[in-house]
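Descriptive structure summary
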Amino acid sequence: PRFPKPVYHRPFWHHQKDAVDEAEWRRLSGSDDNLAVLMSRAQDFVEERKYAKAAALYQLVLEKKPEHPVALFEFGKNLTRIHQYEKAIEILKKVSRYRPDSSELWAHLGLANQELGDLPEAARYYRKALDINPDLGDVTMSYVHVLEPQGRYREALKQLEHLASLYPAGQI
């Protein structure tokens with residue numbers, strides 16, 4: 001038997017092999033009562049490193065509750081993980097209204113801008129993340145990597161010295 005076309009909107013990355021299949025999408029998109037189920041299943045996908053599937057489910061939550069702060073944050077992080085940097089920046093900037101004190105938020109914004117080649121903006125976001133939590137080694141290294149091409153060598157060296165102080169000898 002032929003099934004009618006579904007009435008939902010597919011995510012823009014639906015063509016990827018990890019995207020949620022139509023049957024699962026229809027099953028999970030039933031009602032608002034399913035938001036907790038959608039969020040839980042999306043987190044399962046993150047743990048399985050199926051980021052496109054997770055992003056698709058977070059997008060569905062946001063279609064039902066556009067300002068859901070956790071779904072926005074998780075959607076933005078997963079967009080970064082599947083290399084949808086411009087959309088990730090747009091979403092993560094919305095999240096900054098709810099989570100201005102999140103070093104993870106600013107680090108993801110830094111990464112997205114770095115990947116798009118906007119090094120001054122990436123440096124600004126990495127700096128915000130480090131102002132909140134100066135002991136983030138991976139963010140510190142990313143910050144150094146965007147400072148150096150800008151000729152900001154002293155600041156990069158200062159960050160490397162701080163990084164070295166975070167780890168015992170030989171653990172970097």
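The numbering scheme is per chain: residues are counted from 1 as the chain's sequence reads. Whole-chain, interface and lining totals are the exception, using all residues; otherwise, since this is a predicted model, local features are given only for residues with pLDDT of at least 70 and side-chain atom pairs are given and counted only at 80 or more. Hydrogen atoms and water are omitted, and side-chain values are computed over all heavy atoms in the structure.

What to know about the pattern of salt bridges
The criterion, for reference: Think of a salt bridge as a Lys or Arg side-chain nitrogen and an Asp or Glu carboxyl oxygen that are within 4 Å of each other. In this text, helices come from DSSP runs of H or I with a minimum length of four residues, and strands from runs of E with a minimum of two, each type numbered from the N-terminal end.
One pass over the full model with this rule turns up 10 salt bridges. For D131, the salt bridge goes to R127, with nearest N and O atoms at 2.9 Å. Of this pair, D131 and R127 both sit in helix α7 (residues 119–132), separated by 4 residues, roughly a single helical turn. A single network of salt bridges, built from pairs that share partners, joins R41, D44, E48 and K50.

A few points about the nonpolar core
What counts, and what does not: Nonpolar cores were defined as sets of buried Ala, Val, Leu, Ile, Met, Phe, Trp, Tyr and Cys residues, with membership established by side-chain atoms within 4.5 Å. A simple rule labels every residue: compare its accessible area, found with a 1.4 Å probe on the protein chains alone, to the largest value its type can have, and call it buried under 20%, exposed over 50%, or partly exposed in between. We call two residues contacting when some pair of their heavy atoms lies within 4.5 Å.
Counting residues in each nonpolar core, the largest one holds 45 residues, and the members touching the most others are Y58, F75, L105, L109, Y143 and V146. Of all the secondary structure elements, the ones that give two or more residues to this core are α2 (35–47), α3 (51–64), α4 (69–81), α5 (85–95), α6 (103–115), α7 and α8 (137–147). For this core, the element with the highest residue contribution is α3, accounting for 9 residues. Setting aside chain neighbours within four positions, we find V146 in contact with Q114, L119, A122, A123 and Y126.

Structural measurements only, silent on function.
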